[in-house]
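Now for the letters of each chain:
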Amino acid sequence: MALLRRQVSGAVYEKTRQTKCVDTRMVRMTRFRPMKEWTLSQRCRPLLLLLLGCTFLPGTGCRSIGPGTVSRDRLDYSQSIANSWKHQTLLNLVRLRYSDTPIFLEVGQIVSGYTLETSVDVSGEIARVGAGDTFLGLGASGKYTDRPTITYTPLTGDEFVSDLMRPIPINNVFGLLLAGSDADFVLELGVSRLNGLKNASVKHDQSHPADPKFLEAIKLLRQIQEADALELNPSTNGAPNAVMELVFLEKDVPEETRSQIRELKRLLNLEASRNEYTVVPGLRRGAEGTLTVSSRSVLQIMVALSGMVDVPQEDVDAGRTFASFDVAPGAERLLRIHSTNAAPTDAYAAVRYRHRWFWVDDRDWLSKRTLSTIQLLFSLANPSRQQHLPLITIPTQ
């Protein structure tokens, strides 16, 4: 038997010639059978389209993941740094109350690397009917990696200790008044003496209340400030150590405000005939036409506020710390730090120290303002010091 194949008019025919001998007669049988044509357009087109789609579709939508992380990372890292600075300040206040050394860590560098990897696998086999299996295999995989690296720098050394103990520049303290802060709040927090009148102080385990005249003077100063009858201008008279000029505006103000200005001059022993005074650093009353101011250092502020931490009585009885002080009559408690065994549920800032929680209530606006102002004054303690800003590097792949 012989098998011949040929293509006729686009169709495939099979011709079979079979030779057989029967009684010496030759019988020839010829048979043509059409076969189904396997064309690419009919059987392979769906698979080809699927393969091309899986191969090129991810490429057409591929774009860098870097830009999309900017708005998210910028806010997230900013919020985290702000919260950690707030908690660190609170912890150091508590540490000072227990006579522990305050420790500050600065965020030096943040490196956050993102990697996104994707892959798609397509495999398959096509066979004729009855000649084998036809199958299609699909596979996909992805990998996302976020590896942040944060560098902390301990703030130590002579320069940092000097910054803690050095009085905050007076122009920075009064600059908070220009920024809209209340005069009585800023001066009670950042000033130790005002033209010889003493503010409250804490030394070791003893508290010295403020001079009643000091408390009354800063309250009058706030009332005059709210009446827009107070100006702070750069010094132009060339006096030694002059910081700025303090000016009372008695023109076009109510009689009540003029009366407050007269009373403030009396309390501070200022010349009643003048309305302009040169602010200079000093502990006692200065020369005529001057207002002496002695600012606190950051360490003085923190030591004074550490006396406002509510400590457990068992720690006082055991000698681990001293008892809390009562606020002097006429003074306002600038900060209240609670102490509990259980974690607080509504805290503005909370830290765990000596197996207890110390925290500031989120509903205590005055304490929140005080804690935030300490952080600001810490930054203003020494403006001449070279600033090392956090460096944030976010490579993306």
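Residues numbered from 1 in each chain as written. Predicted model: local features only at pLDDT ≥ 70, side-chain atom pairs only at ≥ 80, totals over all residues. Heavy atoms only, no water.

## Focus on the overall build of the chain
Okay, step 1: Helix and strand counts for the chain stand at 10 helices and 17 strands.
Okay, step 2: By residue count, 34% of the 397 residues in the chain fall in the buried class. (Helix = DSSP H or I, 4+ residues; strand = E, 2+ residues; numbered from the N terminus. Buried < 20%, exposed > 50% of the residue type's maximum accessible area, 1.4 Å probe, protein only.)

## Some thoughts on the pattern of salt bridges
Okay, step 1: Following the criterion strictly, the structure yields 15 salt bridges and no others.
Okay, step 2: Look at the salt bridges and you will find they share partners, linking Asp 182, Asp 184, Arg 222, Glu 226 and Arg 369 into a network. (Salt bridge = Lys/Arg side-chain N within 4 Å of Asp/Glu carboxyl O.)

## Points about the sheet that holds strand β15 (residues 347-353)
Okay, step 1: Spatial strand order, β14-β16-β15: three strands in an open sheet with antiparallel pairing. With one partner strand each, in any of the chains shown, β14 (338-340) and β15 form the two edges of the open sheet. Pairwise comparison of adjacent strand axes, ignoring direction, gives a mean angle of 25° for this sheet.
Okay, step 2: Sheet topology note: the β15/strand β16 (residues 356-361) ladder contains six bridges and is antiparallel. From the neighbouring strand, Ala 347 faces β16, where its bridge partner is Asp 361.
Okay, step 3: Where helix α10 (residues 365-380) meets the sheet, its contacts fall on β15 and β16, and the angle it forms with β15 comes to roughly 70°. (Pairing = 2+ DSSP bridges. Axes fitted to C-alpha atoms, helices over the stretch in contact; angles between N-to-C directions. Contact = heavy atoms within 4.5 Å.)

## Points about the nonpolar core
Okay, step 1: By size, the foremost hydrophobic cluster in this structure holds 70 residues, and its most contacted members are Phe 174, Phe 248, Leu 291, Leu 305 and Ile 337.
Okay, step 2: Tallying contributions element by element places helix α6 (residues 212-226) first for this core, with seven residues.
Okay, step 3: Discounting residues that sit within four places of it in the chain, Phe 174 has contacts with Leu 187, Leu 232, Met 244, Val 279 and Val 293. (Core = buried A, V, L, I, M, F, W, Y, C linked by side-chain atoms within 4.5 Å.)

## Comments concerning the packing of helix α5 (residues 183-190) against α6
Okay, step 1: One way to put it is that α5 packs onto α6 with a least axis distance of 7 Å and a crossing angle of 145°. Here Ala 183, Asp 184, Leu 187 and Glu 188 of α5 lie close against α6, whose contacting residues are Phe 214, Ile 218, Lys 219, Leu 221, Arg 222 and Gln 225.
Okay, step 2: Residue classes in the contact of α5 with α6 are distributed as five nonpolar, one polar and four charged. (Nonpolar A, V, L, I, M, F, W, Y, C, P; charged D, E, K, R; others polar.)

## Comments concerning the pairing of β16
Okay, step 1: Taking burial as the measure, the six residues of β16 include five buried ones, the bulk of the element.
Okay, step 2: The pairing of β14 with β16 spans three bridges and is antiparallel. Paired with Thr 340 across the bridge in β16 is Trp 357.

## Some remarks on a nonpolar patch on the surface
Okay, step 1: Residues Ile 103, Leu 105, Ile 150 and Tyr 152 make up a contiguous nonpolar surface patch of about 370 Å² in total accessible area.
Okay, step 2: With respect to the helices and strands, the residue Tyr 152 is situated in strand β5 (residues 135-154). (Patch = residues over 30% accessible without salt bridge, like charges linked within 9 Å, V, L, I, M, F, W, Y side chains within 5 Å. Areas by Shrake-Rupley, 256 points an atom, 1.4 Å probe, with all protein chains shown as cover.)

## Thoughts on unusual backbone geometry
Okay, step 1: We note that Asn 195 has phi near 50°; this positive angle belongs to a residue other than glycine.
Okay, step 2: Residue class for Asn 195 comes out buried when judged on its relative accessible area of 5%.

## Focus on the packing of α6 against helix α7 (residues 255-267)
Okay, step 1: Two elements in contact, α6 and α7, have axes whose closest approach is 9 Å; the angle formed by their N-to-C orientations is 150°. Overall, the two elements α6 and α7 adopt an arrangement that is roughly antiparallel. Our pair here, α6 against α7, has a crossing hand that is left-handed. Between α6, through Lys 213, Glu 216, Ala 217, Leu 220, Leu 221, Gln 223 and Ile 224, and α7, the contact on the second element is made entirely by Gln 260, Ile 261, Glu 263, Leu 264 and Leu 267.
Okay, step 2: Class assignment of the residues belonging to the contact of α6 with α7 gives a composition of seven nonpolar, two polar and three charged. (Parallel < 35°, antiparallel > 145°, perpendicular 65-115°, else oblique. Left-handed = near helix turned anticlockwise from the far one by under 90°.)

## Structural notes on the sheet that holds strand β11 (residues 244-248)
Okay, step 1: With mixed pairing, six strands are arranged side by side in an open sheet as β7-β6-β13-β12-β11-β10. Across the chains shown, the open sheet's two edge strands, defined by having one partner strand only, are β7 (197-198) and β10 (230-234).

## Some remarks on α5
Okay, step 1: Among the eight residues of α5, eight are classified as buried, and the element is accordingly described as predominantly covered.
Okay, step 2: When we look at burial in α5, the residues that qualify are Ala 183, Asp 184, Phe 185, Val 186, Leu 187, Glu 188, Leu 189 and Gly 190.

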